[in-house]
Amino acid sequence: MTTPLLSINNLSIAFRQGEIAHQVVNDFSLQIEAGETLALVGESGSGKSVTALSVLRLLPSPPVVYPAGEIYFKGQELLRAPERMLRGIRGNKIAMIFQEPMVSLNPLHNIEKQLYEVLSLHRGMRRDAARAEMLTCLDRVGIRNAAARLTDFPHQLSGGERQRVMIAMALLTRPELLIADEPTTALDVTVQAQILQLLKELKQELNMGLLFITHNLGIVRQLADNIAVMHNGKCVEQNKAFTLLNTPQHPYTQKLLAAEPGGSPWPLDESLPPLLKVEALEVAFPVRRGLLKKTVGYHYGIKGLHFSLRPGECVGLVGESGSGKSTTGMALLRLIQSSGSIWFDGHPLHELNRKKLLPLRHRIQVVFQDPNSALNPRLDVLQIVEEGLRVHHPELSAAEREKRVIVALNEVGLDPETRHRYPAEFSGGQRQRIAIARALILQPQLIILDEPTSSLDRSVQAQILALLKSLQEKHRLAYIFISHDLKIVKSLCHQIIVLRQGEVVEQGECQKVFAAPQTEYTRQLLALA
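None of these values were measured; they are calculated from a predicted model.

**Student:** Any chance you could explain the pairing of strand 11 (residues 276-289) here in plain terms?
**Tutor:** Side chains on a regular strand alternate between the two faces of the sheet. Relative to strand 12 (residues 294-309), strand 11 runs antiparallel, the two sharing eleven bridges. Within the sheet, the bridge partner assigned to Arg 288 lies in strand 12 and is Thr 295. Hairpin connection of strand 11 to strand 12: four residues between the antiparallel strands, including Gly 290 at a positive phi of 85°. Pairing of strand 11 with strand 14 (residues 339-344), which is carried by five bridges, proceeds in the antiparallel orientation. The partner of Val 278 across the bridge, within strand 14, is Ile 342.

**Student:** Is there a simple way to explain the pairing of strand 16 (residues 364-367) in this structure?
**Tutor:** Alternating positions in strand 16 separate into two faces, Ile 364 and Val 366 on one and Gln 365 and Val 367 on the other, with burial throughout. Here four bridges tie strand 16 to strand 17 (residues 446-450), and the two strands are oriented parallel to one another. Note that in strand 17 the partner of Val 366 across the bridge is Ile 448.

**Student:** Sorry if this is basic, but what is going on with the state of the cysteines here?
**Tutor:** Such a bond, covalent and formed between the sulfur atoms of two cysteines, is termed a disulfide. Enumeration over the complete set of coordinates arrives at zero disulfides. Take Cys 314: it sits in no disulfide, and the sulfur closest to it among the cysteines is that of Cys 493, at 3.4 Å. Not part of a disulfide, Cys 510 finds its nearest cysteine sulfur in Cys 493, a span of 5.6 Å. What makes Cys 510 buried here is its relative accessible area of 0%.

**Student:** Just checking my understanding: could you explain the packing of helix 7 (residues 159-172) against helix 8 (residues 189-206) for this structure?
**Tutor:** Any two packed helices are characterised by the angle at which their axes cross and by the distance between the axes. It is at 12 Å that the axes of helix 7 and helix 8 come closest, and there the two elements cross at 5°. Regarding the angle of helix 7 to helix 8, the classification is roughly parallel. Residues Arg 164, Ile 167 and Leu 171 of helix 7 pack against Val 191, Ile 195, Leu 198, Leu 199 and Leu 202 of helix 8. Partitioned by chemical class, the residues of the contact of helix 7 with helix 8 number seven nonpolar, no polar and one charged.

**Student:** Just checking my understanding: could you explain the sheet that holds strand 9 (residues 226-231) for this structure?
**Tutor:** Strand pairing in a sheet takes place through backbone hydrogen bonds and is either antiparallel or parallel in direction. Here six strands make up an open sheet; going across it, the order is 6-7-8-3-9-10 and the pairing mixed. Of all strands in the sheet, those bounded by a partner on one side alone are strand 6 (94-97) and strand 10 (234-240). Across the sheet, the mean angle separating the axes of adjacent strands is 15° when strand polarity is ignored. Two strands pair when backbone bridges link them, and strand 3 (residues 37-41) and strand 8 (residues 209-214) are joined in this way by five bridges, in the parallel orientation. Looking at the pairing, Leu 38 lines up with Leu 211 of strand 8. Packing of helix 11 (residues 251-258) onto the sheet brings it into contact with strand 9 and strand 10, and relative to strand 9 it is tilted by some 105°.

Cut-offs and rules
Throughout this description, residue numbers start from 1 for each chain and increase along the sequence as written. Side-chain atom pairs in this predicted model are given and counted only at pLDDT of 80 or more, local residue features only at pLDDT of at least 70, and totals for whole chains, interfaces and linings cover all residues. Heavy atoms from the whole structure form the basis of all side-chain values; hydrogens and water molecules are not counted. At least two bridges found by DSSP between two strands are what make those strands a pair. Under the scheme used here, helices are H or I runs from DSSP no shorter than 4 residues and strands are E runs no shorter than 2 residues, and both carry numbers assigned from the N terminus. Each residue is placed in one exposure class: buried if its accessible area under a 1.4 Å probe, protein chains only, is under 20% of its type's maximum, exposed if it is over 50%, and partly exposed if it falls in between. Note on terminology: pairs of cysteine sulfur atoms within 2.5 Å are recorded as disulfides. In this description, a line fitted to the C-alpha atoms serves as the axis of each element, helices being fitted only across the stretch in contact, and the angle between N-to-C directions of two axes falls anywhere from 0 to 180 degrees. Here is the rule for angles: anything less than 35 degrees is roughly parallel, anything more than 145 is roughly antiparallel, 65 through 115 is roughly perpendicular, and the remaining ranges are oblique. In what follows, a contact means two residues having at least one pair of non-hydrogen atoms within 4.5 Å. Polar here means any residue other than Ala, Val, Leu, Ile, Met, Phe, Trp, Tyr, Cys and Pro, which are nonpolar, and Asp, Glu, Lys and Arg, which are charged; Gly is therefore polar.

This is the structure we're talking about:
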């Protein structure tokens, strides 16, 4: 018998607080052979990421302790291995794609410097040879105009582009085992298909093992050889992918497979006047060259956008990463400079200065794409969610604010007893729910939702979608829903706007566009959904 590439045997993981140890993974086992893909699926907080981080001993010890179990890589025990041996394995033999790229990338260094650091450290490459390798890898992961983007810093990239850079960094080392923690979460369907094909090719080329953590069962169908399902820190079912997906045995697995987005948007009252009206919206970013950084042209983030939105209506903005979806949201919030007109409930937002905009801010809220960077790590959940109340409703007492926070946390499916914990103590999906609660607590008329469900598993997505629909019906809330998940867009949105490189490719009633798309680009997006 050959030695497995990765073997986890009866692993238990606990977080110790004083004399109390809270166990988060219990008696977990798996094996991955060279050239094999094992998908680890389950809801947020089930222990998937904690297990993956433990393979490379990336969790702080203390408070993390391992009451039982072993982890072997090619027969070498990792849990009790000396740090010197681990340094030779991390990044070189075992690479990892982390869930949140904005946190993983250094904001002070450009992309070229961060990619070169990987090649210099792990492969000893000189800068001239490394540049060609970097450009090839960036091109393979779908970064357009890679040579020009090398000088960009992480904040200049979209969420999907940052994720692709993280994937490129992991693949540059040509690892024997790749641990991918939600690597396609922030990617649109076209790039997602490209990344999955790249991973398949590299598996064959390098005979690479792949531990793929995801909540997207559509990806699992395309990529996985075997599947392990986690629930509350335990492996409830493990089998060959075809067998598990077609004949699931455990009730929890059956529940996951049944939780696909469906349904239609709430009926719209078309007699109502528009709440938001956007005309000829444009955002232009200056392109600077030379030693003095003179402006030599403009790159349009969005160009010539027109639409209106009634109370209780939802418009979906879809397109590839970098197409202008998030830029549109930031322009509507007046967080970046734009031209054109933006009318909200009769107020010309495009003419108002910062002081005059302040009284309207609580009526327009936003849920950002990356919950980790959107939440202050120094504040607990209670302080984060009540922050808007402190600003816009100073008349409320501390007890009244806390009551509203408890209601908001219940609405998004979080236990109010956790309100005194900090963001770092929650999973990615749980942090996104905190961000949604923070937006809902001010009872706005319009919410801009920038990929709000991208980091959530399907069962929680269904819960959040049901919540958003019920709020639409109850309060006539309007949404601008930015997403690459077309199944969710179809379920929630009345209108759809398809963007590509800042320009509108197709626009119209959502159901009609899905039934009969008019452009080839839209047809390609729908075919990959």
